Amino acid sequence: MKVVLGHLYPDYLNIYADRGNMAVLDRRASWRGIELEYRPIGVKDPVARGEYDLLYIGGGQDREQALIAPDLAAKEPELIAAVDDGAALLAVCGGYQLLGSFYRDRSGAELPGVGLFPLHTVAGEKRMIGDVLLECRLERGVTHTLAGFENHAGRTFLDSGAEPLGRVVAGFGNNGEDGFEGCRLGRAIGTYLHGPLLPRNSWLADWLLAEALAHRLGEPPLLDPLPDDFEDDAHDVASRRAYRRGGRY
Ligand code: GLN
C-alpha cells in the first residue's frame with residue numbers, strides 16, 4: 001500500500017515544528033508496511049489531478065503568508081479538484097486561514113484565499129495564545145479529544161452550515177467567541193492546532209492515513225493498532241495543561 005503526500009510550501013509555512021507532522025505520518029505508515037512518498041509543492045509547482053492522496057499545509061507569520069498567498073490562490077482549481085476527488089488534507093493555522101475565502105492580516109491587507117473551506121479570517125489586536133483541548137467527532141458516534149497549542153491573531157468565522165472540526169473544551173479556537181475550532185469538509189481538515197499536532201494526537205494521524213488510502217482503495221482500510229504509550233502520555237500531558245490553564249493567557 002502506498003500514500004503520496006504533497007507538502008505545500010514547506011520552506012515558507014513551517015512554524016511550531018509543523019514539519020513534525022510529516023515525520024509522524026511517515027513513521028506510522030512505515031510501521032504498518034505502507035510506503036509514504038513525500039513530495040514538496042512549491043511556488044509555481046502544479047498540483048496534478050489524482051497525483052496526491054494526502055495534502056498538507058502548515059502555519060506561518062503574516063509575512064510568509066503574504067509571500068505565497070497569490071501562488072496558493074492560483075492553485076485553487078487544482079486543490080479543490082483534488083479534494084473533490086477524495087484526497088485527504090490537513091491544514092494548520094496560517095495554511096488553514098488561506099484555504100478559506102480570505103485572510104485580512106494585521107496591516108489590513110487582504111490576502112486572497114483558495115475558498116476550499118467555507119470561512120474567512122480577520123486578524124485582531126490581541127493574539128490568541130495557549131494550550132487547547134477540543135472534543136471531535138469525525139466518525140459517527142466516536143468522540144475523540146484533540147490537544148495542541150495555538151498562537152494566532154486571526155479570528156476565523158465559519159459560514160453558516162459549515163462543519164467545525166471540534167468543540168472547544170479549553171482554549172480560544174477559531175475566534176474565542178463561538179466555542180468551535182477548525183473546519184471539516186469530508187476528508188479535509190483545517191485547524192489552528194500546532195504543537196506539532198500529530199505526535200500528541202495519534203488517532204488523527206491514523207484517520208488521515210486511512211482516508212488517504214481510501215482515496216486509492218475506495219474504502220478506508222482498518223489500520224493495525226500501534227503501541228501508543230508515548231503518544232497517549234503526550235496527549236494526556238497536553239490535555240491536562242490545557243485544562244489547568246483553561247488554555248487562555
Ligand atoms: N499569521 C497568522 C495569524 O497570526 C497565522 C499564525 C500561525 O500560523 N501560527 O493568525
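Given the structure is predicted, the values throughout are model-derived calculations rather than measurements.

Undergrad: If you had to explain the packing of helix H1 (residues 20-30) against helix H5 (residues 202-217) to someone new, which residues and values would you point to?
TA: The geometry of H1 relative to H5 is characterised by a closest axis approach of 10 Å and an angle of 70° between their N-to-C directions. Considered as vectors, H1 and H5 are oriented roughly perpendicular to each other. For the crossing formed where H1 meets H5, the hand is right-handed. Taken together, the residues of H5 that come into contact with H1 (itself represented by Val24, Leu25, Arg28 and Ala29) are Ser202, Ala205, Asp206 and Leu209. In terms of residue class, the contact of H1 with H5 is made up of five nonpolar, one polar and two charged.

Undergrad: I'd like a description of the site of the ligand, backed by residues and values.
TA: Looking at the ligand, there are 16 residues lining it, with Gly60, Asp62, Gln65, Cys93 and His194 nearest. Interatomic distance of 3.0 Å between a backbone N/O atom of Gly94 and an oxygen atom of the ligand. Separating a nitrogen atom of the ligand from a backbone N or O atom of Asn151 is a distance of 3.0 Å. Taken by itself the ligand offers 290 Å² of open surface, and the protein chains cover 99% of this. Those elements giving two or more residues to the shell around the ligand turn out to be helix H2 (62-74), helix H4 (94-98) and strand E8 (142-158).

Undergrad: Before we move on, could you go through the environment of Glu139 and cite the residues and values that matter?
TA: Tracing the backbone shows Glu139 in strand E7 (residues 119-139). A relative accessible area of 37% places Glu139 in the partly exposed class. For the pair Glu139 and Trp207, spaced 68 residues apart in the sequence, the C-alpha separation amounts to 9.5 Å. Apart from residues no more than four positions distant in its own chain, Glu139 is found in contact with His144 and Trp207.

Undergrad: Which residues make up the pattern of salt bridges, and what are the values?
TA: Per the stated rule, a full pass over the model turns up 17 salt bridges. For Glu37, the salt bridge goes to Arg39, with nearest N and O atoms at 2.6 Å. Taking the relative accessible area as the measure of exposure, Arg39 reaches 24% and is therefore partly exposed. Between Arg63 and Glu64 there is a salt bridge, with the nearest N and O atoms lying 2.8 Å from each other. A single network of salt bridges, built from pairs that share partners, joins Arg28, Arg32, Asp206, Asp228 and Glu231.

Undergrad: Mind laying out H1, listing which residues take part and the relevant values?
TA: Those residues of H1 not exposed but buried are Asn21, Met22, Val24, Leu25, Arg28 and Ala29. In a view along the axis of H1, the buried residues occupy a sector of 160°, so they form one face of it. Those residues of H1 hidden inside the fold are in contact with strand E1 (2-8), strand E2 (35-41), strand E3 (54-57), strand E4 (88-92), H5 and helix H6 (229-245).

Undergrad: An account of the sheet that holds strand E12 (residues 188-191) is requested, with residue identities and associated values reported.
TA: If you trace the six strands from one edge of the open sheet to the other, you get E2-E1-E3-E4-E12-E11, paired in mixed fashion. In this open sheet, the two strands that pair with only one neighbour each are E2 and strand E11 (183-185). Between one strand and the next, the sheet's axes are offset by a mean angle of 15°, whatever the strand orientation. The pairing of E1 with E2 spans seven bridges and is parallel. Directly across from Leu8, in E2, lies its bridge partner Ile41.

Undergrad: Tell me what's going on with the nonpolar core, and back it up with residues and numbers.
TA: Of all hydrophobic cores here, the largest spans 67 residues; its most connected members are Leu99 and Phe117. The residues contacting Leu99, other than those within four sequence positions of it, are Ile57, Leu72, Leu79, Leu89, Ala91, Val114, Gly115, Leu116 and Phe117. Formed by five residues, the second largest nonpolar core is a distinct cluster that contains Leu133, Ala147, Ala170 and Ala238.

Undergrad: Provide a residue-level description of the pairing of E8, including the pertinent values.
TA: Sheet topology places E7 next to E8; 15 bridges connect them, and they run antiparallel. Bridging from a neighbouring strand, Met128 pairs with His152 of E8. The turn linking E7 back onto E8 is made up of two residues, and Gly141 within it adopts a positive phi angle of 75°.

Undergrad: Give me the lowdown on unusual backbone geometry, citing residues and values where you can.
TA: Of the consecutive residues Gly195 and Pro196, the connecting peptide bond is found in the cis state with omega at 0°. Its place among the elements puts Pro196 in the loop between E12 and H5. Residues other than glycine seldom take positive phi values, yet Tyr9 does so here, at roughly 50°. Within the secondary structure, Tyr9 is located in the loop between E1 and H1. On the basis of relative accessible area, Tyr9 is assigned to the buried category, the value being 1%. Although it is not a glycine, Lys44 sits at a positive phi angle of roughly 75°. For Lys44, the location among the structural elements is in the loop between E2 and E3.

Definitions and cut-offs
- Residues numbered from 1 in each chain as written.
- Predicted model: local features only at pLDDT ≥ 70, side-chain atom pairs only at ≥ 80, totals over all residues.
- Heavy atoms only, no water.
- Axes fitted to C-alpha atoms, helices over the stretch in contact; angles between N-to-C directions.
- Helix = DSSP H or I, 4+ residues; strand = E, 2+ residues; numbered from the N terminus.
- Parallel < 35°, antiparallel > 145°, perpendicular 65-115°, else oblique.
- Left-handed = near helix turned anticlockwise from the far one by under 90°.
- Contact = heavy atoms within 4.5 Å.
- Nonpolar A, V, L, I, M, F, W, Y, C, P; charged D, E, K, R; others polar.
- Near = heavy atom within 4 Å.
- Polar contact = N/O pair within 3.5 Å; in protein donor to acceptor, adjacent residues only side chain to side chain.
- Areas by Shrake-Rupley, 256 points an atom, 1.4 Å probe, with all protein chains shown as cover.
- Buried < 20%, exposed > 50% of the residue type's maximum accessible area, 1.4 Å probe, protein only.
- Salt bridge = Lys/Arg side-chain N within 4 Å of Asp/Glu carboxyl O.
- Arc of directions from axis to C-beta.
- Pairing = 2+ DSSP bridges.
- Core = buried A, V, L, I, M, F, W, Y, C linked by side-chain atoms within 4.5 Å.

Any link to function would need more than the numbers given here.
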